[in-house]
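Inside the fold
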Amino acid sequence: MADMLGVPGEPKGSVPDGTSEEGSFNALAALLEDGTSGPLASRAIKTAREKFSSPEFDHSPSDEHWLGLKEIADLFEAMAEEADIPKRFMSSLSPGMGKTTIAIEATKAFLADERFKGDGVIYFLSRLEEIKALIEAMGLDKKDVGVLTSDEGINALGNPTPEDARVLFTTQNRLEGYSKNGTLFAGMKQLHYKGKVRKVKVWDEAILPSTALTLDKDSLLGILRDLRPKKPELAASIEEFAISLGKHDGDRITMPDIDRENLSHDDFRGYFTGRDKDTAEALHSLSGRVVRVRKDNLNGAVGLDYEDILPPDMTPLLILDASGGLRKTYGFWEEHRGGLQKLYSPPKSYQGLTIHHWDQGAGKTAYRNRERPFPC
């Protein structure tokens with residue numbers, strides 16, 4: 001199956017004439033040799049077509065856009081079948097094209113497929129409102145829905161035992177918290193389904209593989225008042241380091257050692273309040289690491305590095321980000337970091353659109369002076 005997904009091997013299928021070269025339809029054209037979708041994807045596409053043709057939706061994607069939606073459904077089925085694809089796949093179809101609808105229908109098809117009755121799905125979303133909306137759109141039985149957030153009201157929308165729910169909704173921030181200190185996705189038992197890693201993983205909206213960690217002199221000096229009574233030697237080390245930052249523009253230097261074996265992330269963060277907690281968190285994450293120092297016009301010298309957010313074993317992953325084609329970050333990720341592949345995502349077509357131009361000023365004066373009638 002990996003060959004059929006372009007990892008590795010020659011791609012199957014072809015991009016239709018006249019379509020955008022952006023995307024990877026060649027690499028993810030089909031899961032079967034004859035170019036057709038599997039039963040899960042086929043069912044999702046069929047039900048999505050029926051929805052789109054209803055008066056409620058009245059939506060008619062072009063053939064090109066259906067190919068983009070088909071790739072989402074095909075990847076969903078590939079994940080369900082445990083395809084060994086060490087990549088993340090991103091669909092950047094424009095808003096309103098049906099990305100979320102096809103994912104919803106694929107989820108329903110997954111739950112109805114006897115092949116996957118012991119397996120689970122997980123959705124990572126950025127806002128609590130999105131979780132509520134998606135649960136309502138799926139219309140699933142409460143026992144099949146799990147919600148894991150900091151909001152008990154939102155959590156109550158699902159199964160009281162999230163690990164027993166086939167479909168789990170959680171926030172992207174929660175994953176970031178779990179992944180600190182290098183925890184693998186397989187080790188995040190809170191996100192499992194009945195003790196098993198969830199096969200299908202969907203990320204909604206923007207995604208970054210890592211987050212920047214920065215520390216400036218003023219922030220470091222600011223935590224010393226609370227730290228010195230508890231850890232005087234560590235406070236002295238941090239103070240010396242903070243003062244020396246200005247002498248190392250462009251250099252690589254070693255961060256103070258927080259002794260993480262005896263001082264956990266939560267314990268160290270608990271020493272502080274307010275914004276100092278964020279400084280402590282970054283300092284603990286960078287403990288003992290070699291970082292590069294850069295000049296910042298606002299904060300002076302800043303020590304900076306990065307920390308991976310996405311566990312390396314969290315693949316394959318389906319990313320749905322309508323702005324993906326505009327974000328330069330994805331291009332850098334794909335080209336330099338690797339591990340990201342764009343799904344076929346043709347832009348919106350305005351073929352057949354008629355534009356009427358009214359040769360009239362648009363200011364307030366024009367609307368007050370109605371010597372000429374409005375065209376409507």
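Residues numbered from 1 in each chain as written. Predicted model: local features only at pLDDT ≥ 70, side-chain atom pairs only at ≥ 80, totals over all residues. Heavy atoms only, no water.

1. A few points about the packing of helix α2 (residues 63-80) against helix α3 (residues 99-112)
At their nearest, the axes of α2 and α3 sit 9 Å apart, and the two run at 35° to each other. Along this stretch, α2 crosses α3, giving a crossing that reads as right-handed. Of the residues in α3, those touching α2 at L69, I72, A73, F76 and A80 are K99, I102, A103, A106, T107 and F110. Partitioning the contact of α2 with α3 into residue classes produces 9 nonpolar, 1 polar and 1 charged. (Axes fitted to C-alpha atoms, helices over the stretch in contact; angles between N-to-C directions. Helix = DSSP H or I, 4+ residues; strand = E, 2+ residues; numbered from the N terminus. Left-handed = near helix turned anticlockwise from the far one by under 90°. Contact = heavy atoms within 4.5 Å. Nonpolar A, V, L, I, M, F, W, Y, C, P; charged D, E, K, R; others polar.)

2. Thoughts on unusual backbone geometry
With omega at -15°, the peptide bond leading from T315 into P316 counts as cis. Note on placement: P316 falls in the loop between β9 (300-308) and β10 (317-320). In this structure, D58 is a non-glycine residue whose phi angle is positive, near 45°. Even without being a glycine, E205 presents a positive backbone phi close to 75°. Tracing the sequence through the fold places E205 in the loop between β5 (200-204) and β6 (210-216). Here E205 falls in the partly exposed class, since its relative accessible area comes to 28%. (Buried < 20%, exposed > 50% of the residue type's maximum accessible area, 1.4 Å probe, protein only.)

3. Regarding the layout of surface pockets
Space inside the largest pocket adds up to approximately 350 Å³. Around the largest pocket sit 19 residues that line it, and T214, R275, D278, T279 and A282 are the ones nearest its centre. Elements with a minimum of two residues in the lining of the largest pocket: β6, α7 (217-222) and α11 (276-285). Classifying every residue of the lining of the largest pocket by side-chain character gives 4 nonpolar, 6 polar and 9 charged. (1 Å grid on protein atoms, 1.4 Å probe; cavity = no way out; pocket = protein on both sides within 12 Å on 5 of 7 lines; lining within 4 Å. Points joined across faces, edges and corners; volume = space filled by probe spheres on them.)

4. Digging into the side chain of Q172
Mapped onto the elements of the fold, Q172 is located in helix α6 (residues 172-178). Among the polar contacts made by the side chain of Q172, one reaches the main-chain carbonyl oxygen of D204 at a distance of 2.7 Å. When neighbours within four sequence positions are excluded, Q172 is seen to be in contact with F124, L125, S126, W203, D204 and A206. (Polar contact = N/O pair within 3.5 Å; in protein donor to acceptor, adjacent residues only side chain to side chain.)

5. Considering the nonpolar core
Counting residues in hydrophobic clusters, the biggest one holds 45 residues, and the most contacted among them are F76, F110, Y123 and F169. Considering each element in turn, this core owes the most residues, 9 residues, to α2. If sequence neighbours within four positions are ignored, F110 has contacts with L40, F76, A80, F116, D119, G120, V121, R166 and V200. I238, I253, A280 and V291 belong to the second largest nonpolar core, which has 25 residues in total. (Core = buried A, V, L, I, M, F, W, Y, C linked by side-chain atoms within 4.5 Å.)

6. Section: the sheet that holds β10
Spatial ordering of the open sheet is given by β3-β4-β2-β5-β10-β1-β11, a layout of 7 strands whose pairing is parallel. A single partner strand is all that each edge strand has here, and the edge strands are β3 (145-148) and β11 (340-342). Strand-to-strand twist across the sheet, computed as the mean angle between neighbouring axes with direction ignored, equals 20°. Contacts between helix α4 (residues 128-138) and the sheet are confined to β2 (121-125), β3, β4 (167-171) and β5, with β4 contributing the most and set at about 160° to the helix. (Pairing = 2+ DSSP bridges.)

7. Re helix α1 (residues 39-52)
Here α1 spans 20 Å end to end across 14 residues, near enough to the 20 Å set by a 1.5 Å rise per residue. Within the sequence span of α1, burial applies to L40, A41, A44, I45, A48 and F52. End-on, the buried residues of α1 take up no more than an arc of 130°, which puts them together on one face. Across from the buried face of α1, at angles greater than 90 degrees, the exposed residues are P39 and K46. (Expected span 1.5 Å × (residues − 1). Arc of directions from axis to C-beta.)

8. Here we look at the side chain of R166
Inspection of the secondary structure assignment puts R166 in the loop between α5 (152-155) and β4. Although R166 lies buried, it forms no salt bridge, and the closest oppositely charged side chain, D144, sits 5.8 Å away as judged by the N-O distance. A distance of 2.7 Å separates a polar atom in the side chain of R166 from the backbone oxygen of D119. Contact partners of R166, with chain neighbours within four places excluded, come to F110, L111, F116, K117, D119, G120, V121, D144, Y193 and R198. (Lys, Arg positive; Asp, Glu negative; His and termini not counted. Salt bridge = Lys/Arg side-chain N within 4 Å of Asp/Glu carboxyl O.)

9. Overview of the confidence of the model for the protein chain
On average, residues of the protein chain score 84 in pLDDT, and 86% of them are at 70 or above. Across residues 1-34, where pLDDT falls below 50, the model places 84 contacts with residues more than four positions away in sequence or in other chains. (pLDDT = per-residue confidence, 0-100.)

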